[in-house]
Amino acid sequence: MPKHIVSTSSHAPFKTVGPRTALLTTTLYDRARTTFTLADVEEITGLNAASARSLMRSAAARGIVSRLKPGLFVLVPPELGSAREFSGNPYITARALAGGGDYYISHSSAMELHRMVTQPQFVVFTSASKRLRSKTIHGTEFRFVHQKPECLFGATRHWVTKQEAVKVSDLHRTIIDGLKHPEYCGGVTEVAKGLWIRRADMKPARLVDYALRLGVGAVIRRLGYLLEIYGIAARADLERLRAALTATYALLDPLMPHEGTYHSGWRLRLNIPADELKAIRST
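The following refers to the structure shown.

So, about the sheet that holds strand S3 (residues 65–69). If you trace the three strands from one edge of the open sheet to the other, you get S2-S4-S3, paired in antiparallel fashion. In this open sheet, the two edge strands, each paired with only one partner strand, are strand S2 (35–37) and S3. Mean inter-strand twist for the sheet, computed between neighbouring axes without regard to direction, equals 35°. Bridge analysis of S2 against strand S4 (residues 72–75) gives three bridges, and the strand direction is antiparallel. Opposite Phe 36, over in S4, you have Phe 73 as the bridge partner.

Take a look at the structure:
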């Protein structure tokens, strides 16, 4: 999981607070809202926009809050001492950066939350209905993958702190997203590892449902091939996928060289050796 990033300064002023800042921080903690907006400041303190901005500049200078982007802030925990910059929980920050639009934590970040990876992740991926630029905040990179609103299905709630939950793609949607954009998961081999690691919790029929609902040919081909070589889907589910195939071929992994044998059954060019994927079962 990406770590909370903090930086400190030996010249940082003491974290003294006035009555309005105390009211703000107490109310936010009572609401379990450590990440907040300028509108929240105005609503809680009763200040106008200009005065609220001035209050936040002062609070940031004292290390009470950290600015994530214009109008978006996070409370700096008192136990961090003289820290003046703090990224907060990265998944809560990603939710806030989504700007109120529909979203879910996705790709390799979802794989980490679902315990489908063995290596730490250093980028937070979020699928969102809004087109958002990637940002690096206090050392944590946030990348956004645009999805049409009708394609943002298959999400579930995941508690990332004792008080706050975020939306994350469920196990099945995480695999489907990984097969659509392997580049955001480390490649098809990493997606295959995640599928195998959580195979006992997978419902193959739901994977097929999601793939057909999304309607992306490469996803249908890659999913069918993996389900078949791992033997974790009924013949009827595989046939549902085969019925959606067209005559064109897709690469098994678009990140790998454009080479390898052609698999007519799934209309794939196998640029990952089958033995390499099958070996995952023994890891």
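Moving on: the packing of aromatic side chains. Summed over all chains, the structure comprises five aromatic pairs. Seen in terms of ring centroids, Tyr 249 and Tyr 262 are 5.4 Å apart; in terms of plane orientation they differ by 85°. Their pairing is edge-to-face. Of this pair, Tyr 249 sits in the loop between helix H10 (235–242) and strand S12 (250–251) while Tyr 262 sits in strand S13 (residues 261–263), and the two are 13 residues apart along the sequence. Judged by its relative accessible area of 38%, Tyr 249 is partly exposed.

Take the pairing of strand S10 (residues 155–159) next. Taken together, the five bridges between S10 and strand S11 (residues 165–169) define a ladder with antiparallel strand orientation. Opposite His 158, over in S11, you have Val 166 as the bridge partner.

Attention now goes to the pairing of strand S7 (residues 123–128). By the criterion of burial, S7 is predominantly enclosed, with six of the six residues buried. The two faces of S7 match: Val 123, Phe 125 and Ser 127 on one face and Val 124, Thr 126 and Ala 128 on the other face are all buried. When S7 meets strand S9 (residues 140–146), the two strands line up parallel, connected through six bridges. Pairing of Ser 127 across the sheet is with Val 145, part of S9.

Conventions and cut-offs
Residues numbered from 1 in each chain as written. Predicted model: local features only at pLDDT ≥ 70, side-chain atom pairs only at ≥ 80, totals over all residues. Heavy atoms only, no water. Pairing = 2+ DSSP bridges. Helix = DSSP H or I, 4+ residues; strand = E, 2+ residues; numbered from the N terminus. Axes fitted to C-alpha atoms, helices over the stretch in contact; angles between N-to-C directions. Phe/Tyr/Trp six-rings, centres within 6.5 Å; stacked < 30°, edge-to-face > 60°. Buried < 20%, exposed > 50% of the residue type's maximum accessible area, 1.4 Å probe, protein only.

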